[in-house]
Amino acid sequence: MDKLVIEGGCALAGEVRVSGAKNAALPILCAALLTPEPLVLSNLPRLNDVRTMQSLLGQMGMRQDGSAPDAVSLDASRIDWPLAPYELVKTMRASILALGPLLARCGEARVSLPGGCAIGLRPVDQHVKGLQAMGAEVDLTHGYINARAARLKGTRFVFDLVTVTGTENLMMAATLADGVTSLENAAREPEVVDLAHCLVAMGARITGAGSDRIVIEGVERLHGASHAIMPDRIETGTFLAATAAAGGDVVIAGTDWHSLAAVIDKLREAGIDIATMDTAIRVRSSGRPRAANVRTAPFPAFPTDMQAQFMALVSRAAGTSVITETIFENRMMHVQELRRLGADIEVEGNSAVVRGVERLTGANVMATDLRASACLVIAGLVADGPTTIDRIYHLDRGYERLEDKLCALGARIRRVQ
Ligand code: EPU
């Protein structure tokens, strides 16, 4: 199993280019199921989660042709098996995103229930209730969601809570439904908007994406299209936090600061110098950051996917920060690893009280999930002496060559077996 060995203490300098967004790519790959014509995607990130989604879609019968490393043409003219089996769903929850498109296109779908995951219980009841509201017959047997509907019907559906993939699943399903669907209390995340742009390019009629009310007028069929995946705002935020923590002067290119304004505000509150440009962000930092409190919440508030990286930054702040996680019930597993590096953090309920320490010291630590891995990389960059991070496969699910990109900025990171 691969590990990363980080020699801390190097400031970062230079320019780094952000990849396409994982959480936009995954639903957009599934959107290809909605049309018999080719969907051509560019700026596709080369990540393990993307490869897993591609092999899931391949098993269903979708043909895929990669003209360049970050581009793919998806052809779902035939769907042989509208099925997402347990073996793949258990490795990647986002497989649930195949449910809505399969049902809308094939009239039936069988998708394994995802079950629990490291960061929380994460049920999919809203996905199922929404499809039922659109007239689907759904039963849960042998660990599978079995859904049927000759044609889904437009409806008004109010989500009990804000769910990103739930909104995406129902929005995709509604594009081929009979009549108008309005999704209320919908997720406003930029990835939902990117998916909507792709669906509109395919001929869907969608308004309101990016607000909490999305209206979709169903059409008979969707057609082929080309779409460039949006830049990854969480990768961008991770480079911001890494430079803020390690010190230095970095330009993050090929990104859009509007999608992470809440993160930029918090970094500025922590004393980090950030300049935003059209498609780039410059971050400069020296010395210890100031303490800053953070509360995660759905977009446009501070994203849960940046909570762990921000905690690594303020673990060395001058002062005490309180970090509250409101989205997932078990997303503080990095705390005990940060403690091994000398951080002073106490967890009380869903909040972490982080008393900034002057220095962290390198140690052996274990990655527990994707963003926790990024948090440990950042902590390793500022720690005195070497830090070894085990179970780095979590990192490879969602970051494209993170250690190579950081090394190009002057970090000292080695991948070892
Ligand atoms: N929830 C329910 N019922 C549902 C759906 C969600 O109770 O039917 C709950 C969840 O248990 C959670 C909350 O609602 O407590 C929000 O979950 P959401 O459905 O929004 O999360 P998700 O769609 O499964 C996506 C991202 C996550 C990101 C969250 C929150 C993708 C593929 N995944 O997950 O990304 O943390 O939204 O923004 O888009 C990551 O990239 O590291 C990651 C975990």
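An account of the accompanying structure is given in this report. (Residues numbered from 1 in each chain as written. Predicted model: local features only at pLDDT ≥ 70, side-chain atom pairs only at ≥ 80, totals over all residues. Heavy atoms only, no water.)

**Topic: the overall build of the chain**
Selection rule: Note on conventions: DSSP H or I runs of at least 4 residues are helices, E runs of at least 2 residues are strands, and numbering of each starts at the N terminus. As a reference, a globule follows 2.2 Å times the number of residues to the power 0.38, and the radius of gyration itself is taken over C-alpha atoms. The buried label goes to any residue with under 20% of its type's maximum accessible area, the exposed label to any with over 50%, and the partly exposed label to all in between, with areas taken from a 1.4 Å probe on protein chains only.
A tally of regular secondary structure across the chain gives 14 helices and 24 strands. Relative to its length of 417 residues, the chain is compact, with a C-alpha radius of gyration of 21 Å against a globular reference of 22 Å. Expressed as lengths along the three principal axes of its C-alpha atoms, the size of the chain is roughly 65 × 45 × 40 Å. Put simply, the chain has 417 residues, and 57% of those count as buried.

**Side note on the sheet that holds strand β20 (residues 344–348)**
Which entries qualify depends on this criterion: Each pair of strands is called paired provided DSSP finds at least two bridges between the two strands. The contact criterion used throughout is that any non-hydrogen atoms of two residues lie within 4.5 Å. Only the stretch in contact is used when a helix axis is fitted, and all axes are lines through C-alpha atoms; the angle between N-to-C directions ranges over 0 to 180 degrees.
Spatially, β18-β19-β21-β20 is the arrangement adopted by the 4 strands of the open sheet, whose pairing is mixed. At either margin of the open sheet sits one strand with a lone partner, and together these are β18 (294–295) and β20. Alignment of strand β19 (residues 320–324) against strand β21 (residues 351–355), held across 5 bridges, turns out to be antiparallel. Along β21, the bridge assignment pairs Thr-320 with Arg-355. Here helix α10 (residues 307–314) sits on the sheet in contact with β18, β19, β20 and β21, set at roughly 170° to β19.

**Focus: the sheet that holds strand β7 (residues 108–112)**
What the 4 strands build is an open sheet, ordered β6-β7-β9-β8; its pairing is mixed. Lying at the two open borders of the sheet, with one neighbouring strand each, are β6 (83–84) and β8 (137–141). In terms of strand pairing, β8 meets strand β9 (residues 144–148) through 5 bridges, oriented antiparallel. What sits directly across from Asp-139, in β9, is Asn-146.

**Focus: unusual backbone geometry**
Note the cis peptide between Phe-299 and Pro-300, where omega equals 10°. Along the chain, the position of Pro-300 falls in the loop between β18 and α10. Even without being glycine, Arg-391 reaches a positive phi, approximately 60°. Relative to the helices and strands, Arg-391 resides in the loop between β23 (386–390) and α13 (393–398). Not every positive phi belongs to a glycine, and Arg-401 is a case in point at roughly 50°. Here Arg-401 lies in the loop between α13 and α14 (402–408).

**Details of the site of the ligand**
Rules: Summary of the distance rule: residues count as near a molecule or strand when at least one heavy atom falls within 4 Å of that molecule or strand. Pairs of N or O atoms are called polar contacts if they sit within 3.5 Å, as long as, within protein, a hydrogen donor faces a hydrogen acceptor (for residues adjacent in sequence, only side-chain-to-side-chain pairs). To measure how exposed things are, a 1.4 Å probe is used in the Shrake-Rupley method; for residues, cover is taken only from the protein chains shown.
In the region of the ligand, 23 residues are neighbours, and Asp-125, Thr-163, Thr-165, Asp-305 and Ile-327 sit closest. In the model, an oxygen atom of the ligand is placed 2.7 Å from a nitrogen or oxygen of the Thr-163 side chain. In this structure, Thr-165 approaches the ligand through a side-chain N or O atom, which is 2.6 Å from an oxygen atom. Contact with the protein chains covers 88% of the free accessible surface of the ligand, which is 830 Å². Residue assignment for the shell around the ligand shows that the elements contributing at least two residues are α1 (22–31), α5 (125–133), α6 (164–174) and α12 (370–382). The dominant element in the shell around the ligand, judged by the number of residues it contributes, is α5, at 3 residues.

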